[in-house]
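Observations on the three-dimensional arrangement
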Amino acid sequence: MSASNSDVPVSNFLRTIIEKDLSANKFQNKRWAGKPGPLSMQQDAPKDLARIRTRFPPEPNGFLHIGHAKSICLNFGLARDYAGQCHLRFDDTNPEKEEQAYVDSIIDTVKWLGFDWNYGDSEHLYYASDYFQYFYEFALALIESGDAYVDEQTQEEIRENRGTLTTPGVDSPWRNRPVEESLKLFIEMRDGKHPNGSLCLRAKVDMASPNINMRDPVIYRIRHEAHHRTGSDWPIYPMYTYAHPLEDALEMITHSICTLEFEDQRPFYDWVIDKLIALGHLPKHRPHQYEFARLNLNHVVTSKRKLKKLVDENLVSGWDDPRMPTIMGLRRRGYTPESIRLFCERIGVSKADSRIDYNILEQALRDDLDPKVDRSVAVLDPLKLIITNYPEGQSELCRAPKHPHNPEQGTREFLFSRELWIEREDFMEDPPKKYFRLFPGNLVRLKYGYIVKCTGFKKDENGQILEVYAEYLPDTKSGTPGANSVKVKGNITWISIEHAQAVEVKLYDRLFTVENPDAGDQDFLELLNPNSVKTVQAFIEPGTEITPGARWQFERLGYFYVDVDPQDTSKMVINRSTTLRDNWV
């Protein structure tokens, strides 16, 4: 397992739990047969060399988003830090919604984030569908022990008889059917002899429990649906709440880390495992579930249903749209795996729900890229500046460091000429106080070039500034003895028009206009930011190599990344990953 980070990990309550468990030698006699399995496989196996075992268990029914990144970093990171092993496990128990394409994408995402599931000479990539036979045998054992029964009620009847938070549930008329009858029916379910929805298998727990999840939950349902890995082998599929604890137990997981919405499911998680330990099917070294607060990021929705709606209604260009909170979207925007890991470390882990400012994610990217990437110059909103006293047809070389703090990265060279592009915001006809850029009569430094004095400008009939005029001071070129002979307060970037590279740049902003688009009864689609993406025709410094995956800091403007258009792989677009500072208002 890789992806270590030099930053000290943020303390969290899960570390305290793990350290306490290790100090108490809680797992010193835990065994591991080299692969998942029941007690019969694990009881005589060698001692487990992994001090702890965690798992990242996505369902392959969609693409991973930034919230999943927190879970990935947490589970793989804890295993790394405590000499343990993290499994990648696909909870593929719902054949209607799962696809191999999602499996492939998840594998790629976890690897891209810098983690793997290898430990020594073994690989720990697992699927819930690997355990279908075990799940079935365990269900038979629960029926035989009187802890499960086949119910013939409809889904609606089960829901109605479940009760409410203030009223107990009502026993199914089939709750006390003979064990032999339930066994016969369940085997027939397995053999495909009953149609969808006609029967189900329920755990026999407590219909009066104050926790509704303990009121005889369904653990198997009939689904005549092909599975992406097992085909049509199984006409019945386990419910997630039944399969999840069994997967953890079979894989000898020590710390099963879930988000807070699973807290109410923990009693049933424990019930399933404890029953099967008592029946002699699972090892006594059982997993324990711990819950933490999920990631709630401002200006973002992470519900798969809502993200799918954005895609299906063409409100974004796809799951990998750079405005989306999916990992593939963040990758296309220019986020690095290091920045996402840094973000996950900084937000920490707690049991209290809170919302995280989007700028913390952006700042993690800035902090990762700042010491790494070369600098360059771009002009996103070009305005022509003519140096009227500079000879026509003449040009001269200017130099700048590739990185201001890393001289070993060398210098870059570009030409100065009579006509330049500058940012439109760098000139004002009638500026406010403390505006130190170009305006009539003012002196500014053309960064890495000369000091110039603004002498005038030209407008069109609508009052739009077309050109700005200035004169240069010949003895003030940067890097020469006269560079500091004239003091100025303003410093602006520029590009020679003759030598500039024309490019298409996409400027991204928040996808939603409000911090919490999920709140209340509001329609999240009505809260979309109409200015979340803007495409501009820009110019960049000559010599800037535009290759897929290239990234720079364009001075004053932010961090930019070369993205390949998925609709036309021969076309490259430059995405702004983030500005140099948070400018969201």
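It should be emphasised that the depicted structure is a prediction, and the values quoted were computed from it without experimental measurement.

What counts and what doesn't
- Residues numbered from 1 in each chain as written.
- Predicted model: local features only at pLDDT ≥ 70, side-chain atom pairs only at ≥ 80, totals over all residues.
- Heavy atoms only, no water.
- Helix = DSSP H or I, 4+ residues; strand = E, 2+ residues; numbered from the N terminus.
- Rg over C-alpha atoms; globule rule 2.2 N^0.38 Å.
- Buried < 20%, exposed > 50% of the residue type's maximum accessible area, 1.4 Å probe, protein only.
- Contact = heavy atoms within 4.5 Å.
- Areas by Shrake-Rupley, 256 points an atom, 1.4 Å probe, with all protein chains shown as cover.
- Lys, Arg positive; Asp, Glu negative; His and termini not counted.
- Charge placed at Lys NZ, Arg CZ, Asp CG, Glu CD.
- Domains from an automatic or database assignment.
- Phe/Tyr/Trp six-rings, centres within 6.5 Å; stacked < 30°, edge-to-face > 60°.
- Lys NZ or Arg CZ within 6 Å of the ring centre and 35° of its normal.
- Core = buried A, V, L, I, M, F, W, Y, C linked by side-chain atoms within 4.5 Å.
- Expected span 1.5 Å × (residues − 1).
- Axes fitted to C-alpha atoms, helices over the stretch in contact; angles between N-to-C directions.
- Parallel < 35°, antiparallel > 145°, perpendicular 65-115°, else oblique.
- Left-handed = near helix turned anticlockwise from the far one by under 90°.
- Nonpolar A, V, L, I, M, F, W, Y, C, P; charged D, E, K, R; others polar.

1. Quick look at the overall build of the protein chain
The helix and strand tally for the protein chain stands at 13 helices and 29 strands. For 585 residues, the compact-globule estimate of 2.2 N^0.38 gives 25 Å, and the C-alpha radius of gyration of the protein chain, at 31 Å, exceeds that figure by more than 25%. Seen along its three principal axes, the alpha-carbon backbone of the protein chain occupies a region of about 100 × 50 × 45 Å. A burial count over the protein chain gives 53% of its 585 residues as buried. The contacts in the protein chain between residues at least 6 apart in sequence include a share of 70% that link residues at least 24 apart. Surface exposure of the protein chain reaches about 26100 Å², of which carbon and sulfur atoms provide 48%. Side-chain charges of the protein chain comprise 74 positive and 88 negative groups, with the mean position of each set lying 4 Å from the other.

2. Some words on the domain arrangement of the protein chain
Size of an interface: often given as the accessible area lost when the parts come together. Parsing the protein chain into structural domains produces domain 1 (13–132 + 239–297), domain 2 (148–236), domain 3 (304–348 + 356–374 + 504–579) and domain 4 (378–492). A straight line from the C-alpha centre of domain 1 to that of domain 4 covers 59 Å.

3. Overview of the packing of aromatic side chains
Within the structure shown, the criterion is met by 29 aromatic pairs. Ring plane angle 15° and centroid distance 4.9 Å describe the contact between W421 and F539, whose orientation is recorded as stacked. Taken as a pair, W421 in strand β19 (residues 419–423) and F539 in strand β26 (residues 533–540) lie far apart in primary sequence, 118 residues in all. Each member of the pair, W421 as well as F539, is classed as buried. Each member of the aromatic cluster is reached from another via a ring pair, and the members are Y131, F132, F135, Y136, F186, Y220, W234, Y237 and Y242. Over the ring of Y127 we find R229; its NZ or CZ atom is 3.7 Å from the centre of that ring. When the ring centre of F524 is taken as reference, the NZ or CZ atom of K306 above it lies at 5.3 Å.

4. Remarks on the nonpolar core
Counting residues in each nonpolar core, the largest one holds 43 residues, and the members touching the most others are F135, F186, L201, Y220, Y242 and L282. Breaking this core down by element, the ones donating at least two residues are α5 (132–144), β6 (148–151), α7 (179–190), β7 (200–203), β8 (218–222), β9 (236–238), α8 (240–250) and α9 (266–278). Of the residues forming this core, the biggest block, eight residues, is contributed by α5. In this structure, this core is formed jointly by two domains, domain 1 (13–132 + 239–297) and domain 2 (148–236), each of which donates at least three residues. Here F186 is in contact with Y136, A139, L140, I143, V150, L201, Y220 and I236, once residues within four sequence places are set aside. Residues I72, A79, Y127 and L297 belong to the second largest nonpolar core, which totals 39 residues.

5. Here's the deal with helix α4 (residues 100–112)
In a regular helix each residue adds 1.5 Å, so 13 residues correspond to 18 Å; α4 covers 18 Å between its end C-alpha atoms and thus fits that length. Every buried residue of α4 is accounted for by Y102, V103, S105, I106, I107, T109, V110 and W112. Residues of α4 that are buried in the fold lie against β1 (53–56), α3 (66–81), β2 (85–90), β5 (125–127), α11 (327–333) and α12 (337–347). One or two residues past the end of α4 sits G114, with phi positive at roughly 105°.

6. Remarks on the packing of α5 against α8
With their axes 11 Å apart at the nearest point, α5 and α8 run at an angle of 110° to one another. It follows that α5 is roughly perpendicular to α8 by the angle criterion. In this structure, α5 crosses over α8, and the sense of that crossing is right-handed. For the pair α5 and α8, contact is made by Y134, F135, F138, A139 and L142 and by Y242, A243, L246, E247 and L250, respectively. A class-by-class count of the residues in the contact of α5 with α8 yields nine nonpolar, no polar and one charged.

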